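# Geometric and topological summary
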Amino acid sequence: MKKIQDYLIQIKKLLDYTFFRVSLFVILGVILFTSLYGNVKPEKLDISLLTVAEKTIRSPATVEDKIHTEKKRQEALDQVQDVYTLKKEYSSNQVDLITSIFDAASEVNDEIKDEAKNQNVNDEAPLPLIEPTVEDKVTLLKGKLTDRVIKDLSERVFTALVQASNDELSIAKDLTVTAINHVMNKRISADDVENAKKSLEEELKFTTLNGDLKNAAIELGRYAVIQNEFYDPEATEELRKQAAQSVEPVKILQGQIIIEEGKLVRQEEFRQLGLVGLLDNKQSYKPFIGLMILIMIILSSIYYHFYQMKEQHEKRQTHLLLFGIVFILTFFILKIISMLQIFNYSGIGYLFPAAMGGMLIKILIDEKLAILSSIIFSIFGSVLFNEGVSGTLNFSVGIYILFSGLAGVLFLSEQNQRSKILQAGSFAAIVNLFTIWALMFLPNGQFSGLEYGYYIVTGIISGIGSAVLTMGLLPLLETSFGILSTMKLIELSNPNHPLLRKILMEAPGTYHHSVMVANLADAACEAIGANGLIARVGCYYHDIGKTKRPNFFIENQMHLDNPHDRLPPDKSASIILSHVSDGSDILKKYNMPKEIIQIAEQHHGTTLLKFFYHKAMQSGENVLEEDYRYPGPKAQTKESAIIGIADSVEAAVRSLSQPTPETIESLVKKIVTDRLQDGQLNECDLTLKELEIVTHSFCETLKGIFHSRIEYPDMTKKVIQV
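Reading the values: rules and limits
Residues numbered from 1 in each chain as written. Predicted model: local features only at pLDDT ≥ 70, side-chain atom pairs only at ≥ 80, totals over all residues. Heavy atoms only, no water. Helix = DSSP H or I, 4+ residues; strand = E, 2+ residues; numbered from the N terminus. Buried < 20%, exposed > 50% of the residue type's maximum accessible area, 1.4 Å probe, protein only. Areas by Shrake-Rupley, 256 points an atom, 1.4 Å probe, with all protein chains shown as cover. Core = buried A, V, L, I, M, F, W, Y, C linked by side-chain atoms within 4.5 Å. Contact = heavy atoms within 4.5 Å. Phe/Tyr/Trp six-rings, centres within 6.5 Å; stacked < 30°, edge-to-face > 60°. pLDDT = per-residue confidence, 0-100. Axes fitted to C-alpha atoms, helices over the stretch in contact; angles between N-to-C directions. Left-handed = near helix turned anticlockwise from the far one by under 90°. Nonpolar A, V, L, I, M, F, W, Y, C, P; charged D, E, K, R; others polar. Expected span 1.5 Å × (residues − 1). Arc of directions from axis to C-beta. Salt bridge = Lys/Arg side-chain N within 4 Å of Asp/Glu carboxyl O. Parallel < 35°, antiparallel > 145°, perpendicular 65-115°, else oblique. Patch = residues over 30% accessible without salt bridge, like charges linked within 9 Å, V, L, I, M, F, W, Y side chains within 5 Å. Polar contact = N/O pair within 3.5 Å; in protein donor to acceptor, adjacent residues only side chain to side chain. Lys, Arg positive; Asp, Glu negative; His and termini not counted. Charge placed at Lys NZ, Arg CZ, Asp CG, Glu CD. Disulfide = S-S within 2.5 Å.

## A word on the overall build of the protein chain
Helix and strand content of the protein chain: 28 helices and six strands. Expressed as a percentage of its 722 residues, the buried residues of the protein chain come to 42%. When the accessible surface of the protein chain is split by element, carbon and sulfur atoms take 57% of a total near 40500 Å².

## Remarks on the nonpolar core
In this structure, I302, F327 and F380 are the most contacted members of the largest nonpolar core, which totals 64 residues. Looking at this core, the elements that each hand over two or more residues are α1 (2-40), α12 (286-307), α13 (313-338), α14 (354-364), α15 (367-384), α16 (395-411), α17 (420-441) and α18 (449-481). With nine residues, α13 is the single largest residue contributor to this core. Once you skip the residues sitting within four places of it in the chain, I302 turns out to touch F25, F323, F327, L372 and I376.

## Regarding the environment of Y613
Looking at the secondary structure, you find Y613 in helix α25 (residues 610-618). Take Y613: its relative accessible area is 13%, and that puts it in the buried class. Separated by 43 residues in sequence, Y613 and D570 place their C-alpha atoms 8.2 Å apart. Apart from the residues within four sequence positions on either side, Y613 is in contact with L608, V623, L624, E625 and Y628.

## Digging into the packing of aromatic side chains
Under the criterion given, the structure shown has 18 aromatic pairs. Ring centres of Y90 and F230 lie 5.4 Å apart, and the angle between their planes is 70 degrees; this geometry places the pair in the edge-to-face category. Here F230 lies in strand β4 (residues 229-231) and Y90 lies in helix α3 (residues 89-122), a separation of 140 residues in the sequence. A relative accessible area of 26% places Y90 in the partly exposed class.

## Focus: the confidence of the model for the protein chain
On average, residues of the protein chain score 83 in pLDDT, and 90% of them are at 70 or above. Segment residues 1-9 is flagged for pLDDT under 50; beyond a separation of four residues in sequence, or across chains, it makes zero contacts in the model.

## Quick notes on the packing of α14 against α16
Running from N to C, α14 and α16 cross one another at 35 degrees; their axes reach a closest spacing of 7 Å. The element α14 and its partner α16 pack so that their crossing is right-handed. Residues A354, A355, G358, M359 and K362 of α14 form the contact with α16, whose own contacting residues are I401, S404, G405, G408 and V409. Residues of the contact of α14 with α16, tallied by class, amount to five nonpolar, four polar and one charged.

## Regarding the environment of F612
Counting through the fold element by element, F612 comes out in helix α25. The class of F612 is buried, set by a relative accessible area of 8%. Separated by 38 residues in the primary sequence, F612 and S574 have C-alpha atoms spaced 9.9 Å apart. Excluding its chain neighbours within four sequence positions, the residues that come into contact with F612 are H564, P569, S572, A573, I576 and Y628.

## Let's talk about helix α7 (residues 166-184)
What sets the pattern is the α-helix's 3.6 residues per turn: residues three or four places apart point alike. Taking 1.5 Å as the rise per residue, α7 with 19 residues should run 27 Å; its terminal C-alpha atoms sit 26 Å apart, in good agreement. Taken residue by residue, α7 has L169, A172, K173, T176, V177, A179, I180, V183 and M184 as its buried positions. Down the axis, α7 shows its buried residues gathered within 165 degrees of arc, on one side only.

## Here we look at the pattern of salt bridges
Tallied over the full model, the rule gives 24 salt bridges. Ionic pairing is found between E194 and R222, a salt bridge with its closest N-O pair at 3.0 Å. A residue pair is termed long-range when its members are at least 10 positions apart, and E194 in helix α8 (residues 193-205) and R222 in helix α9 (residues 211-224) qualify at 28 residues. On the basis of relative accessible area, E194 is assigned to the partly exposed category, the value being 36%. Given the relative accessible area of 23%, R222 is considered partly exposed.

## So, the packing of helix α20 (residues 498-506) against helix α21 (residues 508-528)
Interaxial distance between α20 and α21 falls to 5 Å at its minimum, and their mutual angle equals 120 degrees. For the element pair α20 / α21, the angle class is oblique. The segment α20 lies against α21, with L500, I503, L504, M505 and E506 engaging P508, T510 and Y511. Along the lines of polarity and charge, the residues of the contact of α20 with α21 split into six nonpolar, one polar and one charged.

## Here we look at a nonpolar patch on the surface
There is a patch of nonpolar side chains on the surface, built from L49, L50, V52 and L264 and spanning about 360 Å² of accessible area. With respect to the secondary-structure elements, L264 resides in the loop between β6 (257-259) and α11 (267-275).

## Topic: the side chain of Q341
Within the secondary structure layout, Q341 lies in the loop between α13 and α14. Among the polar contacts made by the side chain of Q341, one reaches the main-chain carbonyl oxygen of S338 at a distance of 2.8 Å. Those residues in contact with Q341 that lie beyond four places of it in its chain are I348, L384, F385, N386 and E387.

## Considering a negative patch on the surface
Together, D570, E621, E626 and D627 make up a negatively charged patch on the protein surface. Within the fold, D627 resides in the loop between α25 and α26 (638-654). For D627, a relative accessible area of 49% corresponds to the partly exposed category.

## A closer look at the environment of H182
Of note, H182 is situated in helix α7. The class of H182 is partly exposed, set by a relative accessible area of 43%. Each C-alpha atom of the pair H182 and E203 lies 9.6 Å from the other, and the pair is 21 residues apart in sequence.

## What to know about the state of the cysteines
Enumeration according to the criterion identifies zero disulfides in this entry. Left without a disulfide partner, C539 is nearest to the cysteine sulfur of C525, which lies 7.8 Å away. Relative accessible area serves as the criterion here: at 0%, C539 is assigned to the buried category.

Right, dumping it as structure tokens:
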């Protein structure tokens with residue numbers, strides 16, 4: 001039944017933490033959205049056509065001017081010329097045609113000669129040779145040609161060909177073919193066909209052929225010359241596509257001046273103002289959707305960081321609330337400084353103490369979250385300081401805030417003393433100066449000496465201001481939330497602290513014991529990844545209660561009589577057991593952190609005071625074991641458990657007359673086993689594997705402290721007699 005109740009309590013705590021976490025993130029989201037709303041809201045101008053612009057207007061975004069793009073594309077298309085293809089095969093085809101006509105005429109002559117020879121051979125008495133008429137020869141020639149050729153050529157061509165000898169035909173063929181090749185190797189469009197024919201005619205006109213054959217050759221040549229260049233629609237279309245694709249879109253660039261102050265708003269400028277959305281009265285929701293997405297991404301990253309933190313719900317809730325306060329405070333300062341942009345001071349964003357938020361979060365929570373916060377502040381800064389720049393983001397201020405914040409965080413990573421905060425701020429100021437100079441020199445800007453001085457001052461103020469604000473806010477936040485920061489622990493470990501001086505002066509043996517226990521606990525905690533610093537400081541104060549009656553504790557008796565020899569066991573036990581509650585009261589009186597108080601209360605847990613318990617048992621009295629156990633509670637954290645074991649180990653080993661590595665290891669393991677079997681480690685999350693590492697760490701540290709030393713022989717003084 002008790003387990004069920006504990007389970008229900010844990011569920012309630014988890015639900016309470018979830019509700020708190022969700023509520024805080026909702027509040028952060030609302031604050032961020034309302035603060036950034038005005039910086040992303042699209043600007044609307046009250047301006048009319050043909051009026052004078054009261055100020056210089058720039059484009060808030062990069063927009064394509066589709067009208068000008070289409071006009072430019074059409075101009076490119078108009079410049080594309082039609083593609084014509086040269087058909088080279090047409091020349092060879094026409095040459096073959098004319099060659100075949102001449103060859104046909106030569107064949108007619110050969111056939112007539114062959115027929116005459118055959119006639120003389122077959123007849124006994126040679127008869128006079130009957131020459132075929134021209135008409136018969138023309139008929140024979142036409143029989144060797146196609147109907148189209150017969151139709152296209154005139155009768156006088158056939159007549160001239162059949163009347164010429166084979167030699168004349170060969171010469172005429174060569175001249176005609178040469179002329180055709182010469183003319184047809186050039187591009188001949190439909191409009192140039194007649195000019196090409198005339199060119200061929202002029203070339204053949206001055207040959208040595210006889211009149212009829214020359215005319216026939218000229219006609220055949222003119223017949224052969226045809227168009228060999230033709231329009232290629234596919235190639236033309238491909239060329240037009242390439243020309244259209246090569247045209248870059250005409251864009252109105254972000255930051256581009258559309259109309260200058262004092263200029264008349266003409267039709268073209270008025271059209272461009274509408275194109276970039278400066279005249280659109282309709283509300284655009286895109287910037288607000290973008291802002292919501294940006295805020296959701298940022299808050300999700302923060303949520304994930306806290307989700308994966310391995311801490312108790314109460315501590316995680318405290319850290320989350322602390323982060324929320326530091327985050328809102330830093331963002332509030334960022335917003336206030338951004339409002340000073342109305343004075344038109346250049347680089348006003350460089351005044352923002354960018355390193356403050358990161359350093360506070362680094363000191364109070366952890367370094368990872370501090371780096372993440374610096375990145376987030378740089379993003380918000382680039383949005384808030386977008387006045388007078390083209391677009392929504394001012395990248396110069398964003399980069400400046402990022403570098404300055406990271407400089408402060410990283411410089412503190414190895415510097416845990418509060419006095420080092422000012423040094424971190426100085427380092428951030430130096431980084432600020434170099435960042436500003438880089439941002440000024442990169443665009444090759446021209447600045448006066450006064451402007452350089454102004455920017456130097458803003459960078460120094462930002463860095464030093466971050467340190468001053470961090471040192472001022474840190475004590476307030478630590479006190480309000482009871483945060484035991486690293487710097488607070490360093491201060492508490494200072495030997496000049498009043499309580500440490502009290503232990504040193506009133507109980508020097510206890511002081512030495514505390515330092516030895518601190519060395520053991522620190523090394524063991526570091527070995528398993530626990531907080532070694534809080535263990536060390538807790539050890540310094542864990543026995544502060546012994547200062548109330550220091551002589552009743554053996555480490556402070558220093559050759560004095562032991563007062564417990566004169567007291568009954570129950571009285572001695574009461575005095576010894578009370579040092580826990582006495583220590584808690586003293587620590588509370590000095591407003592010590594609760595973690596230190598809990599260590600003092602838990603370092604003995606509910607262990608049994610065995611010496612006086614057994615002494616009471618030997619007296620024969622009716623003894624209750626509960627009366628001889630420490631009030632507790634048992635150790636709740638790894639650090640408290642380790643300190644409790646280290647406390648017993650150090651006292652036990654110190655009581656050995658001749659400690660050796662073997663006896664030390666055996667004793668440490670016995671004490672750890674006793675604690676484990678007594679249930680003193682049941683309420684902390686120390687695992688058996690970690691306990692084994694702790695045991696090994698104790699042994700190694702103790703072996704270094706109680707190592708063997710050389711025994712020096714006694715030196716006898718020799719008396720020299722003179």
